[in-house]
Amino acid sequence: MSAAVTVTGVNKTFASKKQTTIALEAVDLEVAAGEFVSLIGPSGCGKSTLLRLIADLDAPTSGTVQVFGKSAKQARLDQDYGIAFQQAGLLPWRTVRENIELPLQLHRVAASARRARGDELLALIGLGEFGDRYPDQLSGGMQQRVAIARALAESPKLLLMDEPFGALDEMTRERMQTELARICADTGAAVVFVTHSIPEAVFLSDRVVVMSPRPGRIREIVPITLGGAQERTEGLREDAAFFAGVSAVREALHGGTPTALGVDNR
Amino acid sequence: MTARRIVLGVAGVILLAVAWELYKALAPADGLVIGGLTVLPRTSDAAMPHLWTMLGRALEPVSGAAGSPLLVVATLQAAAFSLGVAGVGLLVGVVVGVGLAMLMQRFRTAESALLPWIVLSQTVPLIAIAPLVKRWGATLHTESFRWEDWMSVAVIASYLAFFPVAIGALRGFEAPDAAHRDLFRSYGVGWWRSFVRLRLPASVPYLVPALRLAAANAVVGTVVAEVSIGLNGGIGRMIIVFGQSGSADPAKQWSPIAGAVLIGLVAAGVIVLLGTVLRRYRRAEVTA
Amino acid sequence: MSQALGQAQGALAGSAARGRVRTVVAPLVLGVAIVLLWQAATVVLAIKPFVLPAPFAIGARFADRIEFIVPAALATGWNALLGLVVGAVVGILIAALAAAVRPIEQLGAPIATALSVIPIVSLAPVFYTMFDSSTDTTRVIVAAIAVFVPVYFNTLRGLLTSLPVHRDLMRAYAATGWQTTRTVTLPGALPFLFTGLRIASSLAVISSLVAEYFGGPVTGLGKAVTSAVSSSDYPLAWAFVIGAIVTGLAFYLVTYAIELIVLRHRRR
């Protein structure tokens, strides 16, 4: 079975009138099937750009991006991935259920099959009773759960998530992380997850890709050995192995200068 | 709050009526003339009839001729006729406006090329081209089809109505934010299905106010074009005809003016109703 | 009409950012193409001048009779200008009053709404009797009312929408009511006011011109078009129409230029 994502020698530059910005330089990355990989780094390091290249929302300036052995574009047209953004991006005129069923409707899935899948997903995200509500009647956390359900609608083997919990408060955020871990265990999908939170990356990931800005590069890939997705539960947050992972990622982020360690040890 | 608004609104209308009568009672008959220029209106019965004279006149027959209908009935008939023509004009204007907006949304170059001309089109005094429209219509005569004058009026109305629709719809079609556009791109669906499922519903909050303007414009266009083309049966013509008999029967011409106000309010009301029907598409934008 | 033109402006500004070449060249190409097609159609299809005169014939007539067109345009333009000034001043003052004393806004709401939906030119005949029908007063008043509507609504909206963050800031500074008005409310309302004025500018020209059709002295472009049509000089009628378009455009562009100068440090 081919890898979920294979990024080879990718460069991405944005040209404007005044200057050319190198968003990504010489990026290589492979994400195995079923693997959870986080992209982390300061703003401007190109982590969101990399995600957009994988999703074929932008095209690389040079290099190739393959998803399940096909071109990123073909993978997009074949609907091999589901995607979620920082903004839930729900359509305000559609109910929760209609939002979840949107991709199915766009791809002409029969109404009865749509309904059945909608029920499943509503149950999965624990919003079974909210199917007929409108997005503005939900809290931010609930909206984001709906967005995740929408990303899962077509049972993709790859999930692309761009800071999906970035706009949520810390408590909701931790709950959502636990929930995402559970969903990943259930579905066995590979995930590429963009975040700027170290604990979040460590809690969820099999590997954390640490990136640095100007130009956007992969600085280091930190393996996290906390067990499979089904073992990522609340208790893990108090675990010594978790703290070790957090420290490792932080050191990688600060470029191996341990003096900076105590500074923002939150 | 709403009750308060209604009470104050009614009070406002009553105040206006009181002001009318007070001014009529207190100001000089020739108004205020400064250097030969009438600055404040005359208060004679010919210029400013009493409000009750206007109301009373509305309940009398239009003319002394036998079988003449009551003025209020004739006015309502004329108003209904004009409203119908304005409705046709609005419909055509909406189709043209939305079509142009779709074209401009789909092709950037079309937007660059068309938009300045669309803005410029509204500086053309429609009343000046009204007789020409009538003449163009006349060239379309065939044996089975006759271009009627009311069609010319509707064309003029649509000329005024399409503008706010084109601009509002274009703005609405561009309204979906980047996350929504990315989402639909990730679904790999074509322009048309993105349009139907995303851009069109997202444009409703922009379309409803645009339609309200378009409806008002269609009414203005209809009334003015009726005058300019000389179409009988509508409010515009009635205003002119009754205005000419102004000195002999000054209260009479206020009926068609009230009729014009009525059409405008009905047209605006229809759009408010439409907005209520579409309220599901007008929910506040979600922010996570 | 108020939002519509404001939006048109936004769209135009947006397209300007996309590249000057396309925004200038594309409309020009389209315009030239249409004129040429029009000219070709009148020649090839032998369209009679009373149906549609050829554009070159109109152009020739325009140049030929410029000494009639300019005074007519000035007469209409003068009425429009007076109406624009009166309507704008009254509109701004009443909007300020309505924003400061909310019951006044509520008292006037139905009347303002009625004004915004009725064809104001339909009032022209009664104005001609109320004022002197041998002067231009009615045309000025019709233009002023037409101008009042967008100016009033836009200014009011501008005065009522100050950003919450700015309001909080002023509160934190313990600023007085007048300080807040001067530093936050008025500057914040200016873009809205100008949107209203820009719409009102070409509306003033059209309204005063249309009012000419309902009576009054024989000056101005509206009357000129009618008399040219009644003497079957169709190219001349069209030349006067072009005079009207130029007048309306001049009003629009001057207002827009003032707006750009006043708001030059704003980014919207």
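This structure is a prediction, so every number in the text was calculated from the model and none was measured.

**Describing the overall build of chain C**
Okay, so step 1: The number of helices and strands found in chain C is eleven helices and zero strands.
Okay, so step 2: Beginning at the N terminus, the succession of helices and strands in chain C can be written as α-α-α-α-α-α-α-α-α-α-α.
Okay, so step 3: Put simply, chain C has 268 residues, and 49% of those count as buried.
Okay, so step 4: Taking as baseline every contact in chain C between residues at least 6 positions apart, the subset at least 24 positions apart corresponds to 75%.
Okay, so step 5: Element-wise, carbon and sulfur atoms account for 74% of the exposed surface of chain C, whose accessible area totals about 12,400 Å².

**Brief notes about the pattern of salt bridges**
If the charged atoms of two oppositely charged side chains come close together, the side chains can form a pair.
Okay, so step 1: A complete count under the given rule lists 22 salt bridges over all chains for this structure.
Okay, so step 2: The network of salt bridges with common partners includes Arg97(A), Glu101(A), Arg114(A) and Asp119(A).

**Regarding helix α7 (residues 170-187) of chain A**
All names here are of chain A.
Okay, so step 1: Given a rise of 1.5 Å per residue, 18 residues ought to cover 26 Å, and the 25 Å separating the end C-alpha atoms of α7 matches this to within 8%.
Okay, so step 2: Residues Thr172, Arg173, Met176, Gln177, Thr178, Glu179, Leu180, Ala181, Ile183 and Cys184 constitute the buried set of α7.
Okay, so step 3: Considering only its buried residues, α7 is in contact with β3 (36-40), α5 (111-124), α6 (140-152), β7 (158-162), β8 (190-195) and α8 (198-204).
Okay, so step 4: Two or three places before Met171, at the opening of α7, Asp169 has a side-chain oxygen 3.2 Å from that residue's backbone nitrogen.

**Topic: the interface of chain A and chain B**
Okay, so step 1: The interface is formed by 35 residues belonging to chain A together with 23 residues belonging to chain B.
Okay, so step 2: Buried area between chain A and chain B, summed over both chains or domains, comes out near 2,700 Å², and the portion from carbon and sulfur atoms is 57%.
Okay, so step 3: Ranking the residues of chain A by area buried against chain B places Pro92(A), Trp93(A) and Leu106(A) at the top, with a combined share of 27%.
Okay, so step 4: Summed over the shared surface of chain A and chain B, the result is three salt bridges.
Okay, so step 5: On inspection of chain A and its partner chain B, the count reaches twelve residue pairs in polar contact (both at pLDDT 80 or more).
Okay, so step 6: Only α2 (72-77), β6 (81-84), α4 (102-106) and α6 of chain A provide two or more residues apiece to the side of chain A that touches chain B.

**Points about the nonpolar core**
Okay, so step 1: Grouped together as the largest cluster of nonpolar side chains are 64 residues, with contacts concentrated most on Phe214(C) and Phe240(C).
Okay, so step 2: With nine residues, the single largest contributor to this core is helix α11 (residues 234-262) of chain C.
Okay, so step 3: For Phe214(C), the residues in contact, after removing those within four places along its chain, are Val227(B), Ile240(B), Val121(C), Ala124(C), Pro125(C) and Tyr128(C).

**A word on the sheet that holds β6(A)**
Residues and elements named next belong to chain A.
Okay, so step 1: Across the sheet, six strands lie side by side as β6-β7-β8-β3-β9-β10; this open sheet has mixed pairing. Since the sheet does not close on itself, it has two edges, and those belong to β6 and β10 (217-223), each with one partner. Between one strand axis and the next, the sheet turns through 15° on average, direction left out of account.
Okay, so step 2: Where β3 lies against strand β9 (residues 207-212), four bridges are found, and the strand directions are parallel. Counted as the bridge partner of Ser38 is Val208 from β9.

**Some words on the domain arrangement of chain A**
Accessible area lost on assembly of the parts is the figure often given for the size of an interface.
Residue and element names in this part refer to chain A.
Okay, so step 1: For chain A, the assigned domains are domain 1 (5-80 + 156-253) and domain 2 (91-149).
Okay, so step 2: Averaged C-alpha coordinates put domain 1 and domain 2 at centres separated by 25 Å.
Okay, so step 3: Counting residues at the interface gives twelve residues for domain 1, matched by eight residues for domain 2.
Okay, so step 4: For the pairing of domain 1 and domain 2, the buried interface totals around 850 Å² over both sides, and the portion due to carbon and sulfur atoms is 69%.
Okay, so step 5: When the buried area of domain 1 at its contact with domain 2 is split by residue, Met176, Glu179 and Ile183 rank highest and sum to 39% of it.
Okay, so step 6: Counting every contact that joins domain 1 to domain 2 gives one salt bridge.
Okay, so step 7: With a shortest N-O distance of 3.6 Å, Glu179 and Arg145 are connected by a salt bridge.

**Overview of the pairing of β8(A)**
Residue and element names in this part refer to chain A.
Okay, so step 1: Of all six residues that make up β8, six are buried, and the element is covered over most of its length.
Okay, so step 2: Neither face of β8 is exposed, since Ala190, Val192 and Val194 on one face and Val191, Phe193 and Thr195 on the opposite face are all buried.
Okay, so step 3: Bridge count between β3 and β8: five bridges; the pairing is parallel. Residue pairing across strands places Val37 opposite Val192, the latter belonging to β8.

**Topic: the interface of chain C and chain B**
Okay, so step 1: Listed by partner, the interface residues are 59 residues for chain C and 67 residues for chain B.
Okay, so step 2: For the pair chain C and chain B, the summed buried area comes to about 5,500 Å², and 74% of that belongs to carbon and sulfur atoms.
Okay, so step 3: Counting the contacts that link chain C with chain B gives zero salt bridges.
Okay, so step 4: Applying the counting rule to chain C against chain B returns zero residue pairs in polar contact (both at pLDDT 80 or more).

**Some points on the packing of aromatic side chains**
Okay, so step 1: Going through the model one piece at a time under the given rule, you end up with 16 aromatic pairs over all chains.
Okay, so step 2: On the numbers, 5.4 Å between centres and 85° between planes, the contact of Trp20(B) with Trp254(B) is edge-to-face. Here Trp20(B) is found in helix α1 (residues 2-26), whereas its partner Trp254(B) is found in helix α10 (residues 254-277), with 234 residues between them in sequence.
Okay, so step 3: When the ring of Tyr152(C) is compared with that of Phe153(C), the centres are 5.3 Å apart and the planes differ by 75°; the resulting orientation is edge-to-face.
Okay, so step 4: Tyr152(C) sits in the buried class, given a relative accessible area of 5%.
Okay, so step 5: Residue Phe153(C) is classed as partly exposed on the basis of its relative accessible area of 32%.
Okay, so step 6: Counting every residue linked through ring pairs, the aromatic cluster contains Phe173(B), Trp191(B), Trp192(B) and Phe195(B).
Okay, so step 7: Residue placement shows Arg237(A) over the ring face of Phe203(A); its charged tip is 3.9 Å from the ring centre.
Okay, so step 8: Of note, Arg106(B) hangs over the ring of Phe107(B), and the distance from its end group to the ring centre comes to 5.2 Å.

Rules and cut-offs
- Residues numbered from 1 in each chain as written.
- Chains lettered and ligands numbered in written order.
- Predicted model: local features only at pLDDT ≥ 70, side-chain atom pairs only at ≥ 80, totals over all residues.
- Heavy atoms only, no water.
- Helix = DSSP H or I, 4+ residues; strand = E, 2+ residues; numbered from the N terminus.
- Buried < 20%, exposed > 50% of the residue type's maximum accessible area, 1.4 Å probe, protein only.
- Contact = heavy atoms within 4.5 Å.
- Areas by Shrake-Rupley, 256 points an atom, 1.4 Å probe, with all protein chains shown as cover.
- Salt bridge = Lys/Arg side-chain N within 4 Å of Asp/Glu carboxyl O.
- Expected span 1.5 Å × (residues − 1).
- Polar contact = N/O pair within 3.5 Å; in protein donor to acceptor, adjacent residues only side chain to side chain.
- Buried area = accessible area lost by both parts, 1.4 Å probe.
- Core = buried A, V, L, I, M, F, W, Y, C linked by side-chain atoms within 4.5 Å.
- Pairing = 2+ DSSP bridges.
- Axes fitted to C-alpha atoms, helices over the stretch in contact; angles between N-to-C directions.
- Domains from an automatic or database assignment.
- Phe/Tyr/Trp six-rings, centres within 6.5 Å; stacked < 30°, edge-to-face > 60°.
- Lys NZ or Arg CZ within 6 Å of the ring centre and 35° of its normal.

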